Each structure stands twice: as structure tokens, then as C-alpha cells.
Amino acid sequence: MTGTVTHDPPSSPAGRPGRPLIVTEDAALLDDLLRLCAAAGATPEVHHGVPESGDRWGAAPLVLVGDDAARRARGAARRPGVVLVGRDQDDSEVWKRAVQIGADHVLMLPDGEPWLVDRIADVAEGIGRPALTVGVIGGRGGAGASTLACALAVTSAREGLRTLLVDADPLGGGLDVLLGGEGAEGLRWPAFAASRGRVGGGALEESLPELHSLRVLSWDRGDCVAVPPPAVRAVLAAARRRGGTVVVDLPRRLDDGVAEALAQLDLALLVVPAELRALAAAGRVASAVGMVVRDLRVAVRGPYAPGLDGHEVARLLALPLAGEVPAEPALLRPQGGAKPPGATGRGPLTRFCTQFWERTLIETGGTR
């Protein structure tokens with residue numbers, strides 16, 4: 001059992017890893033907390049009472065106070081990130097003690113172990129702001145969504161942001177191919193098919209191929225064409241915890257795994273060629289995706305059919321207009337050429353991507 005009293009604990013300052021502080025004299029409880037810290041990859045600092053040095057109490061990114069030590073912690077300075085840990089599920093007074101010490105959460109073992117391991121692991125990884133996560137999906141086949149996803153990721157990396165490009169379409173041929181890195185060393189999706197629970201963000205990043213200053217999670221050329229939804233959830237959650245930007249290239253078919261990816265997006269771009277048949281197909285895609293994605297916008301691709309422009313396409317789909325994707329040969333190629341989309345740093349496609357990131361990062365609170 002876990003319960004919230006006030007607010008969530010903060011992440012480590014400036015995303016730096018920190019050591020959790022344990023305050024307890026209960027030997028059995030201490031053993032359990034040390035075990036959970038080890039599982040999360042964190043080395044805690046242990047005290048029987050509030051440290052005499054106020055700096056240690058105030059600077060620790062997470063403070064775990066055993067219920068046995070609650071009375072001794074009453075006089076400590078109030079701070080966020082305090083969790084009161086106990087075992088007695090029927091103790092109604094525990095909430096009163098939590099308020100007295102200014103705890104954010106009350107947690108009972110063993111039920112609360114998974115939540116606590118995640119929170120301690122956040123501390124160990126030095127979690128800062130989550131990545132701005134953008135999905136790209138075609139309104140119809142051949143809309144150029146994969147090329148736009150690559151261009152967005154390449155542009156983000158060129159702007160100095162930590163960037164991960166995720167290929168969520170197992171039948172798309174592999175984004176590593178589009179980036180010219182099909183032979184690059186690193187893991188692909190099938191290696192994560194058995195992932196459950198929490199995946200380390202740093203370990204994930206280091207295991208993936210690095211192409212054009214960004215990390216790429218793509219598919220190999222094997223027979224695996226699906227990853228279980230829990231694995232998709234675990235991997236994308238790990239990617240988001242690293243901060244920066246995550247760009248997800250999405251298939252037009254929606255299954256449970258794709259639904260997990262959609263649920264992690266901050267916003268999605270529906271790429272729609274400005275033609276009547278594409279509008280009809282995009283309307284069906286938007287109806288399905290819009291049930292999961294909080295912020296769905298349309299990116300209209302020229303050339304335009306008579307009577308259509310970007311604003312008219314957005315109006316007909318009843319979606320906000322993210323912008324008009326310029327007609328550029330790179331966007332129309334099914335496979336990468338000498339350089340991947342957006343790699344030259346010039347041209348109308350690059351300008352579209354640069355303006356998109358500038359505008360969207362401002363909307364979401366600045367650089368992550």
C-alpha cells in the first residue's frame with residue numbers, strides 16, 4: 001500500500017544521481033530497505049535518527065523514514081521527498097505521524113515494494129525532466145511519416161538535445177536502414193522482448209546504435225514482428241526518463257503494443273498529403289489515435305490538390321495544424337540516399353523541423 005499526503009518527491013538536483021537517506025533503528029525494516037536499494041542500483045546513507053548535520057537531511061533526494069523513527073523525526077526541517085515506511089496495514093495512526101514529519105507518502109511493505117524500487121531507481125539514475133516525446137504517424141500509406149520522424153530526430157540531435165529515435169513499425173523495413181546504419185552495432189527491439197518492470201534508462205541508451213549523434217531503437221532483419229506491450233511500456237518509460245527528446249515512428253495499424261507507445265506520447269503528428277483520398281484515410285486514423293493521444297496535430301504535406309491548403313485540411317480533420325511539411329524529394333524517397341533526411345542542416349524540410357522543435361519546446365516549458 002502507498003498513499004499520498006502532499007506531493008511527489010523531487011528528482012535529483014539538475015538530474016544528478018544522489019544517495020537516498022534511510023532513518024530507522026528497526027533491523028528487519030533496514031534489511032528490507034537495503035535490499036530494495038540494491039535492487040534499484042542505489043547505495044543509501046543510513047542513520048538511526050535525523051542526521052545532526054542538517055545538510056544531509058535537506059540535500060538527500062529521497063528520505064525513507066521507518067515508522068519506528070517517526071517520533072524522532074518530528075523536529076526535522078520540512079522538505080519534499082520524505083516517505084514514511086511501515087508494515088502494519090491496520091495502523092490508522094500512521095497518517096497522523098506522516099503529517100507530523102511532513103511526509104509526502106506513506107508506504108507499507110511488502111505491498112509497496114515495486115513503487116519504492118521505482119522511486120529509489122529514479123534517484124539512482126538522477127532523473128530530471130522527462131523527454132519530450134513526439135509520435136509521427138501517416139494518414140495513409142506512403143505519407144512520408146518515417147522520413148519526417150527521421151528528420152525530426154536528426155534535427156533535434158543537431159540542436160544538441162539528447163535524442164532517441166524509436167521505430168515502432170516492425171513492417172517498415174527499419175529506420176536504421178533509412179539512417180544508413182543497418183550494420184551499426186547495438187541492440188534492436190527483439191532483444192527487449194522479454195523486458196518487464198523497470199528498464200534502466202542509462203543502460204538502454206548505451207546499448208543502442210548511435211547514428212548521426214542520436215540513439216536508434218529499430219528492428220533487425222529477423223522474424224520477430226511484435227514485442228509484448230509490457231516490454232514496449234518498460235522500454236519507452238526508460239527512454240523518457242533520460243530527458244531530451246524521443247521521436248516515435250508509428251505504424252498505421254493499432255495493436256496493444258502500439259497503444260502502449262501512443263499512451264506515452266506528449267503529442268503526435270498525423271502526416272497527411274493534401275489530397276481527398278488521403279483525407280478520407282487520415283480521418284479514420286485520427287479517430288483511432290485520438291482516443292489515446294492527448295495532443296494530436298496534423299502536418300500537411302504538399303503538393304496540394306485544387307481547393308486544399310494546410311488550414312483547410314486541418315479544418316476538415318478537426319485537428320490543430322502543426323505546419324505544412326514542404327514538398328521535398330527527400331520526403332518522398334522510400335529509402336535513404338547518401339544522407340538521411342535532415343542531415344544536411346539545410347533545405348525546407350530542415351527548416352520545418354527546426355521551427356517545430358523551437359515552437360514545441362517553448363510550449364512545453366523550454367529545453368529538456
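All of the points below concern the structure found in this document.

Rules used in this analysis
- Residues numbered from 1 in each chain as written.
- Predicted model: local features only at pLDDT ≥ 70, side-chain atom pairs only at ≥ 80, totals over all residues.
- Heavy atoms only, no water.
- Phe/Tyr/Trp six-rings, centres within 6.5 Å; stacked < 30°, edge-to-face > 60°.
- Buried < 20%, exposed > 50% of the residue type's maximum accessible area, 1.4 Å probe, protein only.
- Pairing = 2+ DSSP bridges.
- Helix = DSSP H or I, 4+ residues; strand = E, 2+ residues; numbered from the N terminus.
- Contact = heavy atoms within 4.5 Å.
- Axes fitted to C-alpha atoms, helices over the stretch in contact; angles between N-to-C directions.
- Core = buried A, V, L, I, M, F, W, Y, C linked by side-chain atoms within 4.5 Å.
- Right-handed = clockwise from strand over helix to strand, strands pointing away.
- Salt bridge = Lys/Arg side-chain N within 4 Å of Asp/Glu carboxyl O.
- Expected span 1.5 Å × (residues − 1).

Tallied over the entire structure, the rule returns 2 aromatic pairs. Centre to centre, the rings of F356 and W357 are 5.2 Å apart; their planes meet at 65°, and the pair counts as edge-to-face. For F356, a relative accessible area of 1% translates into the label buried.

To continue, consider the sheet that holds strand β13 (residues 296-301). In spatial order, the strands read β9-β10-β8-β11-β7-β12-β13-β14; together these 8 strands make up an open sheet with mixed pairing. Of all the strands in the sheet, the pair left with one neighbour each is β9 (210-211) and β14 (321-325). Pairing geometry for strand β8 (residues 163-167) and strand β11 (residues 245-250), over 5 bridges, is parallel. Note on β11: the bridge partner recorded for L164 is V246. In this fold helix α5 (residues 145-158) packs onto β7 (132-138), β8, β10 (214-217), β11, β12 (267-273) and β14, with an angle of close to 170° to the strand it touches most, β11.

One finds W189, L250, L270, V313 and L317 to be the most contacted residues of the largest nonpolar core, which totals 46 residues. Of all the secondary structure elements, the ones that give two or more residues to this core are β8, α8 (229-241), β11, α9 (256-263), β12, α10 (276-289), β13 and α11 (310-317). L270 has contacts with I137, G138, G139, A282, V285, A286, L296, R297, V298, A299, L317 and L319, leaving out every residue within four places of it along the chain. With 34 residues, the next largest nonpolar core counts V154, L269, A322 and L361 among its residues.

Next up on the list: the pairing of β12. For β12, a buried count of 7 out of 7 residues is recorded, marking the element as mostly surrounded by other parts of the structure. In terms of strand pairing, β7 meets β12 through 5 bridges, oriented parallel. Within β12, the position partnered with G138 by the bridge is V271. Pairing of β12 with β13 involves 6 bridges; the strand directions are parallel. Note that in β13 the partner of V271 across the bridge is A299. Where the polypeptide runs from β12 across α10 and back to β13, its parallel neighbour, the crossover connection is right-handed.

Taken as a whole and judged by the stated rule, the model has 23 salt bridges. Its salt-bridge partner being E205, residue R242 comes within 2.8 Å of it at the nearest N-O pair. Of this pair, R242 sits in the loop between α8 and β11 while E205 sits in helix α7 (residues 201-207), and the two are 37 residues apart along the sequence. Notably, a salt bridge pairs R233 with E260, separated by 2.7 Å at the nearest N-O pair. A residue pair is termed long-range when its members are at least 10 positions apart, and R233 in helix α8 and E260 in helix α9 qualify at 27 residues. Judged by its relative accessible area of 17%, E260 is buried. Sharing partners across several salt bridges, the network here consists of D32, R35, R87 and E113.

What follows deals with α8. With 13 residues, α8 extends 18 Å between its outermost C-alpha atoms, agreeing within 8% with the 18 Å of an ideal straight helix rising 1.5 Å per residue. Listing the buried residues of α8 in full gives A231, V232, A234, V235, L236, A238, A239, R240 and R241. Just past α8, the residue G243 takes up positive phi, approximately 80°.

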